[in-house]
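Residue strings, one per chain:
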Amino acid sequence: MAEKLPPHFVELVQDALLKSYWRRKAFRNILRRNGVAEKFLASWAEDESKRALLDRLVPALESAEKGPAVIKQLAVHLADQVSFPDLTGWPDAAEKIAAARTAVTALKSYIDRERSAAEVARARQSIREEAERQRAEKLASQQDLAKLQSRVADLHSKIGTQDSGYAFEDWFFDLVQFFDLEHRRPYKTNGRQIDGSITYEGTTYLVELKFTDDQTGAPDIDTLVAKVNSKADNTMGIFISMAGYSSVAVAEASKPRTTLLLLDASHLFLVLQGLWELPELISRLRQHSSQTSEAYLAAAQLSH
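Below is a short write-up of the structure. (Residues numbered from 1 in each chain as written. Predicted model: local features only at pLDDT ≥ 70, side-chain atom pairs only at ≥ 80, totals over all residues. Heavy atoms only, no water.)

A few words now on the overall build of the chain. Across its full length, the chain carries 12 helices and seven strands. Dimensions of the chain, computed from the C-alpha atoms along their principal axes, are close to 70 × 35 × 35 Å. For the chain, the proportion of its 304 residues judged to be buried stands at 42%. If you sum the accessible surface of the chain, you get close to 16,400 Å²; carbon and sulfur atoms cover 52% of it. Looking at charge distribution, the chain has the averaged site of its 39 positive side-chain charges lying 4 Å from that of its 42 negative ones. (Helix = DSSP H or I, 4+ residues; strand = E, 2+ residues; numbered from the N terminus. Buried < 20%, exposed > 50% of the residue type's maximum accessible area, 1.4 Å probe, protein only. Areas by Shrake-Rupley, 256 points an atom, 1.4 Å probe, with all protein chains shown as cover. Lys, Arg positive; Asp, Glu negative; His and termini not counted. Charge placed at Lys NZ, Arg CZ, Asp CG, Glu CD.)

Right, dumping it as structure tokens:
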């Protein structure tokens, strides 16, 4: 049976959490780092507020066997805050930080009054162990990305050959698998060769890969558009050309309601350097495409 936590304590945790983390990514990360299941976080819809998410999460945690421990771990983390980096940069940052300090002070006072030093120490030890586990995972992740970077660098000596094209296909979908994206490796359908597909956030992207020294031209764009247009409405295309695209190709892909996203070597380099995760990159390019009808956004412009 799950431990019964005082309702006032749970309310203080919710209030401090909502006021300490404003951005969705930071809010998601703090929940993940303190033990909230990835499966639950994946259910967070784009139009669901942080408060609404907590209204679903907290009752689930309170009823789960290990859920109260997650709430208490969150409480210790929140109470230990001395700064609020996620609240900086907003026009009303001073007001946000003041509200967060008030909420955190109330939570800390409760913990200091109601929880024994031994219990708080155990929770902090759990946080340290979790932080160490995440550091180990991050190191392993960096090592795996380094291996993928080394593999693609080795392929460049054979760029343009048929064998290198097949090897690049294998490499790319190993990268996709590294980020746990739902995917399908190269296949044929109705006589058309498909270099593979990725399904993310409800959209299936047909993948076209070009591992040559020559820029991709408009005919290659037209070929992928034809493949995409023959599929269901929630289908788009991702073209990855290591040598980039001609201006005519970019213009051909960038039409009203464009169905293509264009990536080149510089985008993949950002992923291999750990600066962008592949799912985040796809979301950013999709956002830009939806807002501008432009299929291509240079890597250097991603943060703009």
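Take helix α4 (residues 50–63) next. If you check α4, its first and last C-alpha atoms are 20 Å apart, about what 14 residues at 1.5 Å a residue would give, namely 20 Å. Taken as a whole, α4 has its buried residues at K50, L53, L54, L57, V58 and L61. Buried residues along α4 sit against α1 (7–20), α2 (24–33), α3 (38–41) and α5 (67–79). (Expected span 1.5 Å × (residues − 1). Contact = heavy atoms within 4.5 Å.)

The description of an aromatic ring pair rests on the distance of the ring centres and on the angle between the ring planes. Across all of its chains, the model carries eight aromatic pairs by this definition. Pairing F239 with Y245 gives two aromatic rings, centres 5.8 Å apart and planes at 80°, and the pair type is edge-to-face. For Y245, a relative accessible area of 8% puts it in the buried group. Among the aromatic residues, ring-to-ring pairing joins F168, W171 and F211 into one connected group. Above the face of the W44 ring, R24 is positioned so that its terminal group lies 4.0 Å from the ring centre. Geometry around Y187 places R184 over its ring, the cationic atom sitting 3.8 Å from the centre. (Phe/Tyr/Trp six-rings, centres within 6.5 Å; stacked < 30°, edge-to-face > 60°. Lys NZ or Arg CZ within 6 Å of the ring centre and 35° of its normal.)

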